[in-house]
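Structural overview for review
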Amino acid sequence: MMSKVKFLDLKRLNAPYAAAFTEAANSAISSGVYIGGETVRQFELDFASFCGARECVAVGNGLDALILSLRALMIGPGDEVIVPGHTFIATWLAVSQVGATIVPVDVDQATGNIDVRLIRSVITSRTRAIIPVHLYGTSADLPQILEIAKAHNIYVVEDAAQAHGDTTFGQAAGNYGHIGCFSFYPSKNLGALGDSGGIITQDKRLADRVRELANYGSIEKYVHNEKGLNSRMDPIQASFLSIKLTYLPSIIKKRKAIAASYTEALLKQSPSRVKRLLQEQYDGVWHNFVVLTDHRVSFMEHMQSKGIETAIHYPKVPSKQPCYADDYGHIALPVSEQLCASVVSLPIGEYLGADEVKAVCDALLTYMGCHE
Ligand SMILES: Cc1ncc(COP(=O)(O)O)c(C=O)c1O
């Protein structure tokens, strides 16, 4: 059957901004500046202000934002970095890229984010940082993570790639730790029309180090103080992002409203065979709306038969991916693995109409009948 509700339709998502994007692209073309420059600087100021951060540095993508942050904090071989067992693999790859050792910690059943009760037991004299991931758009328990980090003198590098504007713990995600890393990959709640990313921090020196490392390790032309990367944003993406940023509060509001409708539908099932991952006290920015089911194949088939496309974030934990299995595959991460086996993401693009949201809710409700 043809899908009535696609999991994600990026063309539709960006359609409202098409005229503004075209004007911005034309102005970038005629400016003659194609990397960095005033437009990128303006986005940095806009995003820092949106997050309440002192500094923002625009970079090439979210993975680079993490790598550059770790490098700016002088983390490398011999150092240990704590990461959650359930995340998009970029969080792990960043630690590998700087040559540090990954120390995985299992996640909390209530949120899918790092389980703060397990962090202290893995801290050693080599631990230099922890990377909490604000998975699916809800911040990890930042107040507790910061307390632990402070007590052990370790850095907090937030992976806020999925949580632009989340204020679950008061401040904007990314603004709690020493440095916050963002992806502006097209599917993100604040997404460009290509790859891009950024960091925020209150620490000017740290921001300056990221900027230098992202520019071949250079501030002065042809003087290379460090073995840096080339990871910079272009003005076309920056102008698109500044335009979209003005709509981010309404994007978040729409996603919250869709999430509330799905939550209401899920609560109507009795007994409940499909549950919301996030327990009821949480309401993030809903990068993904994730449900848990022990019957994933039949649930996804049922949704598809009703014309609803779903997705899995993520089908395998990083520790069991071919690139990590030899070194980490034996580590017990039971909750992470259980989530990978049972999560299903529902469509939650802010462009969805009331009829489409209803179609998803109806499909959820008929699922019980489908099982009996
Ligand atoms: C949690 C998380 N971290 C890091 C990244 C990496 O971002 P990018 O794809 O922009 O490199 C992503 C997104 O893809 C992500 O979801």
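Residues numbered from 1 in each chain as written. Predicted model: local features only at pLDDT ≥ 70, side-chain atom pairs only at ≥ 80, totals over all residues. Heavy atoms only, no water.

1. A few points about the site of the ligand
Let me state the cut-off plainly: Whether a residue is near a molecule or strand depends on its heavy atoms: if one lies within 4 Å, it is near. Pairs of N or O atoms within 3.5 Å make up the polar contacts considered here, provided that, within protein, one atom can donate a hydrogen while the other can accept it, and that residues adjacent in sequence are counted only when both atoms are side-chain atoms. Just so you know the grouping, Ala, Val, Leu, Ile, Met, Phe, Trp, Tyr, Cys and Pro go in nonpolar, Asp, Glu, Lys and Arg go in charged, and all remaining residues, Gly too, go in polar.
Around the ligand sit N61, G62, L63, F88, A90, V133, D159, A161, Q162, S183 and K188, and that is every residue in its neighbourhood. Between the ligand and G62, the relevant distance is 2.8 Å, taken from an oxygen atom to a main-chain nitrogen or oxygen of the residue. Class assignment of the residues belonging to the shell around the ligand gives a composition of five nonpolar, four polar and two charged.

2. Quick look at the domain arrangement of the chain
Applicable threshold: Each domain's extent was defined by an automatic or database domain assignment. Contact definition: two residues touch when any of their heavy atoms are within 4.5 Å. When two parts are put together, the accessible area they lose, computed with a 1.4 Å probe and summed over both, is reported as buried area. Salt bridge criterion: a side-chain nitrogen from Lys or Arg within 4 Å of a carboxyl oxygen from Asp or Glu.
Domains assigned within the chain are domain 1 (11–105 + 112–245) and domain 2 (248–371). In this structure, domain 1 and domain 2 have C-alpha centres spaced 25 Å apart. Contact with domain 1, which involves 33 residues of that partner, is made by 35 residues of domain 2. Together domain 1 and domain 2 conceal approximately 2,800 Å² of surface at their shared face, both sides included; 64% is due to carbon and sulfur atoms. Interface area lost by domain 1 to domain 2 is led by R12, Y136 and N189, which between them contribute 27%. Here domain 1 is connected to domain 2 by one salt bridge. In this structure, R12 engages E356 in a salt bridge whose closest nitrogen and oxygen atoms are separated by 2.8 Å. Across the contact surface, domain 1 and domain 2 share 17 residue pairs in polar contact (both at pLDDT 80 or more).

3. A word on the sheet that holds strand β8 (residues 274–276)
Our working rule: The pairing criterion for strands is at least two bridges between them, as found by DSSP. The numbering of helices and of strands both runs from the N terminus, where a helix is a DSSP run of H or I of at least 4 residues and a strand a run of E of at least 2. Fitted lines through C-alpha atoms serve as axes, helices being fitted only where they are in contact, and the angles separating the N-to-C directions of these axes extend from 0 to 180 degrees.
As summarised here, the arrangement of the three strands in space is β8-β9-β10, forming an open sheet in which the pairing is antiparallel. Only two strands of the sheet have a single partner each, and these edge strands are β8 and β10 (343–346). Taking each pair of neighbouring strands and ignoring which way they run, the sheet shows an average axis angle of 40°. Sheet topology note: the strand β9 (residues 289–293)/β10 ladder contains four bridges and is antiparallel. Considered in β10, the bridge of V290 is made with S345.

4. Some words on the side chain of N14
Among the structural elements, N14 can be located in helix α1 (residues 10–14). Residues contacting N14, with those up to four places away along its chain left out, are F21, L193 and K244.

5. Some details on the pattern of salt bridges
The test is simple: Relative accessible area decides the class of each residue, using a 1.4 Å probe on protein chains only: under 20% of the type maximum gives buried, over 50% gives exposed, and in between gives partly exposed.
Enumeration over the complete set of coordinates arrives at 12 salt bridges. Where R54 meets E55, a salt bridge forms, and the shortest distance between an N and an O atom there is 3.9 Å. Residue E55 is classed as buried on the basis of its relative accessible area of 10%. Linking D115 and R117 is a salt bridge whose minimum nitrogen-to-oxygen distance equals 2.8 Å. Within this structure, R41, E44 and R211 form a network of salt bridges that share partners.

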